[in-house]
Amino acid sequence: MTMEILLVNDDGIYSNGLLALKNVITEEFDANVTVVAPTNQQSGIGRAISLFEPLRITKTKLADCSEGYAVSGTPTDCVVLGVHQVLKKVPDYIISGINIGENLGTEITTSGTLGAAFEGAHHGAKSFACSLQVTADHLKFKEGESPIEFMTAARIVKNVFKKFLDDEFPCDVININVPDNATENTPVEITKLAKRMYSMHVEERIDPRSRSYYWLDGYPVMDEEDGTDVYAVRNKRNVSVTPLTLDNTAKNIDKFKEKYGKKF
C-alpha cells in the first residue's frame, strides 16, 4: 500500500537537505511524498504559528524539477496547511528536515524542525525530525543551496525510518541527529535529551548612531553525560535517535500532588 508522506523543514524550500531526503525516500519506498516548506529560513522559531497575518501557498519547482509548495510562514504553518489545504488529510508520516545543524538537548523547544514534527504528531501523524551536525558555523544559517553533503545523512535517516515501518510507533516524535562525519555504518544509539546543547552568549555591538544592539549566539556543550544525545553525537560520533512525547507533564506529578495538592 502506498504511503502518504508530508516532508517539511525550517531551512526553506530550496534547502539541499530537504531535496536529498525527498529523493532518497522516493527511491526507496512506495510513497507519495509531498513537500510543503517555508519560503525562507525559519530556524529558531520553534512551534510558532501565524495567527495575525495571512499566509500564501505558492507552487514551486524544486532543483530536480519536481513540485513543492512554498508557504509564507513558519514550519508549523507548513504542517497545518499541508494537512488541511494541500493534502486535505493527515498523512501516514511527517518528516521534518534534514536540518542544517544538530537539534539536541532540551533546547529542541526552540527548533523549527522539531516544532513541525510536534505539530505533525499533534495531528496524529507518525513524525520524525532529522538533523545533520554542522561544525562550520558560517554554514548553519545559509539559505538556499549549501555546499554541505546531505546524501549520507539522508540514507541514514532512511535506514532509521525503515525500522519503524512495521512496528507500532513507540512515541510521538523520533528525533534523529547525524554527526557530520557519519557513514552508513556509523552506530545508531537510542538516547535521552541532554540538559543543554549550547551555553548562551550575548554579543553587544554599537551601530553608527552609537546605540547598542545584540547578537544571540552559543558555544557547543560537550560535557553532557553518556547516554544523552549531546554525548552520543559530539563525543562518540554516533547517530542519535531520541524518542519524544507531546506530553510535557512532569514525571513526578504524584509527588507534586502529595506535597502541594492540599495547599490550593
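Relevant structure appears above.
So, a few notes on the structure that sits alongside this text. Note that this is a predicted model, so its numbers are computed, not measured. (Residues numbered from 1 in each chain as written. Predicted model: local features only at pLDDT ≥ 70, side-chain atom pairs only at ≥ 80, totals over all residues. Heavy atoms only, no water.)

## Quick notes on the pattern of salt bridges
Should the charged atoms of two oppositely charged side chains come close, the side chains can pair.
Thought 1: Summed over the entire model, instances satisfying the criterion amount to 13 salt bridges.
Thought 2: In this structure, the salt-bridge partner of Lys 158 is Glu 28, at a minimum N-O distance of 3.9 Å. Here Lys 158, found in helix α4 (residues 151-163), pairs with Glu 28, found in helix α1 (residues 16-28); they are 130 residues apart in sequence, far enough to count as distant.
Thought 3: The exposure class of Lys 158 is buried, given its relative accessible area of 11%.
Thought 4: Members of the salt-bridge network, linked through shared partners, are Glu 28, Lys 158 and Lys 162. (Salt bridge = Lys/Arg side-chain N within 4 Å of Asp/Glu carboxyl O. Helix = DSSP H or I, 4+ residues; strand = E, 2+ residues; numbered from the N terminus. Buried < 20%, exposed > 50% of the residue type's maximum accessible area, 1.4 Å probe, protein only.)

## Quick notes on helix α3 (residues 112-122)
Thought 1: Summarising burial for α3: 10 of the 11 residues are buried, a large majority.
Thought 2: Within α3, the full set of buried residues consists of Gly 112, Thr 113, Leu 114, Gly 115, Ala 116, Ala 117, Phe 118, Glu 119, Gly 120 and Ala 121.
Thought 3: On the buried face of α3, the contacting elements are β1 (3-8), α2 (75-86), β5 (93-100), β6 (126-132), β7 (173-178) and β11 (239-244).
Thought 4: The positive-phi residue at the C-terminal boundary of α3 is Gly 124, with phi of around 105°. (Contact = heavy atoms within 4.5 Å.)

## Describing the packing of α2 against α3
The relative placement of two packed helices comes down to the angle between their axes together with the axis-to-axis distance.
Thought 1: Where α2 contacts α3, the axes come no closer than 7 Å and their chain directions differ by 30°. In terms of orientation, α2 and α3 fall into the roughly parallel class. As α2 packs across α3, the resulting crossing turns out to be right-handed. For the pair α2 and α3, the contacting residues are Pro 75, Thr 76, Val 79 and Val 80 in the first and Gly 112, Gly 115, Ala 116, Glu 119 and Gly 120 in the second.
Thought 2: Per-class residue counts for the contact of α2 with α3 are four nonpolar, four polar and one charged. (Axes fitted to C-alpha atoms, helices over the stretch in contact; angles between N-to-C directions. Parallel < 35°, antiparallel > 145°, perpendicular 65-115°, else oblique. Left-handed = near helix turned anticlockwise from the far one by under 90°. Nonpolar A, V, L, I, M, F, W, Y, C, P; charged D, E, K, R; others polar.)

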